[in-house]
Amino acid sequence: MNTACDLAVVGASFAGLACADSAARRGLSVVVLDRKPAPGHRMHTTGLLVKEVADKLDVPGHLTRTIPGVRLYAPNLRHADLDAPGYHFLATDIQGLMTWFADRATSSGASLRFGTPYRGAEPLTENELRLRGSDITARFLLGADGPSSVVARDFKLGANEDFLIGVEAEYEGVGGVDESRLHCFLDAELAPGYIGWVIPGVNIMQVGLACRVPGKPRLKDFTAKISALFDFSRARILSHRGGLIPVGGRVRQWHGSRVLLAGDAAGIVSPLTAGGIHTSLESGWRAGHAIADFLGGAGPHPGIALERHYPRFRLKRWLRHALDLNPPNALYNLLLGSRPFRTLAAEIYFHRRAMKSRRARAGSSAH
Ligand SMILES: Cc1cc2nc3c(=O)[nH]c(=O)nc-3n(C[C@H](O)[C@H](O)[C@H](O)COP(=O)(O)OP(=O)(O)OC[C@H]3O[C@@H](n4cnc5c(N)ncnc54)[C@H](O)[C@@H]3O)c2cc1C
């Protein structure tokens, strides 16, 4: 049997499901493949959302937990509180969230196939591809298969080259954590080029850190350090996760004649904050529209339509270089005591939109 569809999507995560949803709403026949057995299985992400995303998508409240503020710690464990009244972050039940995204794409008409790896594609006609080892033919292919995209490799598109590596443990029973804050830790030795974190999640506590590749995040050492602040005596690890985060910006070649990349596959992740959920959803959603317009004869090739919507992150790449200089811990200890540094940190966490309100508070002093 042959399944002929307009769009085949590789990857049923943020970018792939957003694309499948938007393309199916525009009337395309869409098939999504993912090698995972089920939506949200062994996700590699912390799953923290920024307020704008949750507002726009109307993510159900029971899948999230609102976290109003940030507590930023220097390596000596002194801290400053950062707030932007009216703004907040959302921790998520990541498996529940992905199931919700998958259900949305299915109700829009997309067909989702889990347990189905992508094994390559070959041209069938000028306007059609066949997915190897499957019954699927498609007029267009979206590679939303993450930071080490096989679709990109297969079609000789650009590859991500600069990465952070992150690891995280999900705990129950951690005591003494102020649950109204994201706890973020600067430490040039344990988390060079990034931070460590303790996030009050949905019925769990998420403890993790990331560092620049080729370094290796030492979660045990980090947990030992923060045991001075939080009570791990009754804590139990429920699961571990980890993965690569591309921080080199948009890959050079992100489309071909019948193929397009989105999300991490295209390098659309903030090189500074390493947040990629928002940008994966956005790039996937826009890709769905652009592909529908192109296949319907109503728009240019998606590579042209999306050029100005796929960010290049010029400023954030520059700031990433500054972070990669990895200031020594003594300097971080000093900086946290300075108001301009705390203001800069608040701007990074709360984004310009929240800062424009001029109500953001960067902690009058470090504690
Ligand atoms: C430890 C860690 C913590 C993070 N925390 C956050 C955070 O809190 N907030 C935030 O905004 N960002 C975070 N990020 C980044 C964020 O998770 C990613 O940017 C985001 O998941 C990218 O989504 P995506 O849809 O592009 O790709 P992915 O989420 O990587 O999904 C790719 C999908 O493709 C599938 N796939 C891959 N290869 C194949 C194949 N050959 N055949 C079939 N299927 C395939 C995979 O199974 C997967 O489902 C974090 C990343 C890491 C590693």
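Refer to the structure printed above.
Attention here is on the structure that accompanies the text.

Thoughts on helix 6 (residues 277-295)
In this model helix 6 runs 27 Å from its N-terminal to its C-terminal C-alpha over 19 residues, within 8% of the 27 Å that 1.5 Å per residue would give. Those residues of helix 6 lying buried are Ile277, Thr279, Ser280, Leu281, Ser283, Gly284, Ala287, Gly288, Ala290, Ile291, Ala292 and Leu295. Remark: glycine 297 follows helix 6 within two positions and exhibits a positive phi of approximately 75°.

A short note on the site of the ligand
Within the structure, the ligand sits among 32 residues, and Ser13, Asp34, Thr45, Tyr118 and Asp264 are positioned closest to it. The separation between an oxygen atom of the ligand and a polar main-chain atom of glycine 47 is 3.4 Å. Within the backbone of tyrosine 118, one N or O atom sits 2.8 Å away from a nitrogen atom of the ligand. With the chains in place, 94% of the 1,000 Å² that the ligand exposes on its own is no longer accessible. Every element with two or more residues in the shell around the ligand is listed here: helix 1 (14-25), strand 16 (236-246) and helix 6.

With respect to the state of the cysteines
The final tally for this structure, using the stated rule, is zero disulfides. Of the cysteine sulfurs around cysteine 19, a residue in no disulfide, the closest is that of cysteine 5, at 11 Å. Among the cysteines around cysteine 211, which has no disulfide bond, cysteine 184 carries the closest sulfur, lying 16 Å off. Cysteine 211 gets classed as buried once you look at its relative accessible area, which sits at 1%.

Structural notes on the pattern of salt bridges
Taken as a whole and assessed by the stated rule, the structure comprises 23 salt bridges. In this structure, glutamate 282 and lysine 56 form a salt bridge, with 3.1 Å as the shortest nitrogen-oxygen distance. Within this pair, whereas glutamate 282 is found in helix 6, its partner lysine 56 is found in helix 2 (residues 51-57), the two being separated by 226 residues in sequence. Aspartate 178 is the salt-bridge partner of arginine 71, the closest N and O atoms lying 3.6 Å from each other. Residue arginine 71 is located in strand 5 (residues 69-73), and its partner aspartate 178 is located in the loop between strand 12 (163-172) and strand 13 (181-185); the two are separated by 107 residues in the primary sequence. Owing to a relative accessible area of 15%, arginine 71 belongs among the buried residues under this scheme. Where salt bridges share partners, they join Arg71, Asp81, Asp83, Asp178 and Arg181 into one cluster.

Thoughts on the packing of aromatic side chains
For the coordinates displayed, the defined rule picks out twelve aromatic pairs. Summarising the aromatic geometry, the rings of phenylalanine 185 and phenylalanine 230 are spaced 6.4 Å apart at their centres and angled 85° between planes, so their arrangement reads as edge-to-face. In this pair, phenylalanine 185 is assigned in strand 13 and phenylalanine 230 in the loop between helix 5 (219-226) and strand 16, connecting sequence segments 45 residues apart. For phenylalanine 185, a relative accessible area of 3% puts it in the buried group. The exposure class of phenylalanine 230 is buried, given its relative accessible area of 5%. Through a chain of ring-to-ring contacts, the aromatic side chains of Tyr73, Phe185, Phe222 and Phe230 assemble into a single cluster.

What about the environment of aspartate 187?
Secondary-structure assignment places aspartate 187 in the loop between strand 13 and strand 14 (196-200). If near-sequence neighbours (up to four positions away) are discounted, aspartate 187 is found in contact with Pro75, Pro192, Lys225 and Asn329. Among the polar contacts made by the side chain of aspartate 187, one reaches the side chain of asparagine 329 at a distance of 3.3 Å.

Remarks on the nonpolar core
By size, the foremost hydrophobic cluster in this structure holds 100 residues, and its most contacted members are Leu7, Val30, Leu141 and Leu142. Here this core gets eight residues from one element, more than from any other, and that element is helix 1. When residues of this core are assigned to domains, at least three fall in each of domain 1 (3-43 + 93-161 + 250-316) and domain 2 (49-91 + 162-247 + 325-356). In terms of nonpolar packing, the next biggest core, distinct from the first, is built from 18 residues, Tyr171, Val174, Met205 and Leu209 among them.

Looking at the packing of helix 1 against helix 6
How two helices sit against one another is set out by the angle between their axes and by the gap between those axes. At a closest axis distance of 7 Å, the pairing of helix 1 and helix 6 adopts a crossing angle of 30°. In this view, helix 1 runs roughly parallel relative to helix 6, as classed from their interaxial angle. When the axes of helix 1 and helix 6 are compared, the crossing they make is right-handed. For the pair helix 1 and helix 6, contact is made by Phe14, Ala15, Ala18, Cys19, Asp21, Ser22, Ala23 and Arg25 and by Ile277, Ser280, Leu281, Gly284, Trp285, Ala287, Gly288, His289 and Ile291, respectively.

A look at unusual backbone geometry
Following valine 213, the chain continues into proline 214 via a peptide bond in cis, with omega recorded as 20°. For proline 214, the position within the fold is in the loop between strand 15 (205-212) and helix 5. Within the chain, arginine 42 stands out as a residue other than glycine whose phi angle is a positive 45°. The residue arginine 42 is located in the loop between strand 2 (30-34) and strand 3 (49-50) in this model. Judged by relative accessible area, arginine 42 falls into the exposed class, the value being 70%. Backbone geometry places lysine 156, a non-glycine residue, at a positive phi of 55°. Here lysine 156 is to be found in the loop between helix 4 (150-154) and strand 12.

What counts, and where the lines are drawn
- Every residue gets a number counted from 1 within its own chain, in the order that chain's sequence is written.
- A pLDDT threshold of at least 70 governs which residues receive local features in this predicted model, and a stricter bar of 80 or more applies before side-chain atom pairs are shown or counted, although totals over entire chains, interfaces and linings include all residues.
- Here the side-chain values reflect all heavy atoms present in the structure, with hydrogen atoms and water set aside.
- Each helix is a run of DSSP H or I of at least 4 residues and each strand a run of E of at least 2, with the numbering of both proceeding from the N terminus.
- In a helix, the anticipated span is given by 1.5 Å times the number of residues less one.
- Summary of the burial criterion: residues with accessible area below 20% of their type's maximum are buried, those above 50% are exposed, and those between are partly exposed, where the area comes from a 1.4 Å probe applied to protein chains only.
- Residue proximity to a molecule or strand is established when one non-hydrogen atom of the residue lies within 4 Å of it.
- Polar contact is defined as a pair of N or O atoms within 3.5 Å, subject to the rule that within protein one atom must be able to donate a hydrogen and the other to accept it, and that residues adjacent in sequence are counted only when both atoms are side-chain atoms.
- All accessible areas in this document rest on Shrake-Rupley with a 1.4 Å probe, and a residue is counted as covered only by the protein chains that are shown.
- Cysteine sulfur atoms are paired as a disulfide whenever they come within 2.5 Å of each other.
- By salt bridge we mean one thing: a side-chain nitrogen of Lys or Arg within 4 Å of a carboxyl oxygen of Asp or Glu.
- Aromatic contacts are taken between Phe, Tyr and Trp rings whose centres are within 6.5 Å, Trp giving its six-membered ring; a plane angle under 30 degrees counts as stacked, one over 60 as edge-to-face, and the others as tilted.
- By the convention used here, residues are in contact when the closest approach between their heavy atoms is within 4.5 Å.
- Put simply, buried Ala, Val, Leu, Ile, Met, Phe, Trp, Tyr and Cys residues joined by side-chain atoms within 4.5 Å make one nonpolar core.
- An automatic or database domain assignment provides the domain bounds reported here.
- Axes, fitted as lines to C-alpha atoms, cover a helix only where it is in contact. Angles between the N-to-C directions of the axes lie from 0 to 180 degrees.
- Our angle categories are set so that under 35 degrees counts as roughly parallel, over 145 as roughly antiparallel, 65 to 115 as roughly perpendicular, and the remainder as oblique.
- Definitions for this section: a left-handed crossing has its near helix turned counterclockwise from the far helix by less than a right angle. A right-handed crossing has that turn clockwise.

Purely geometric numbers; function is a separate question.
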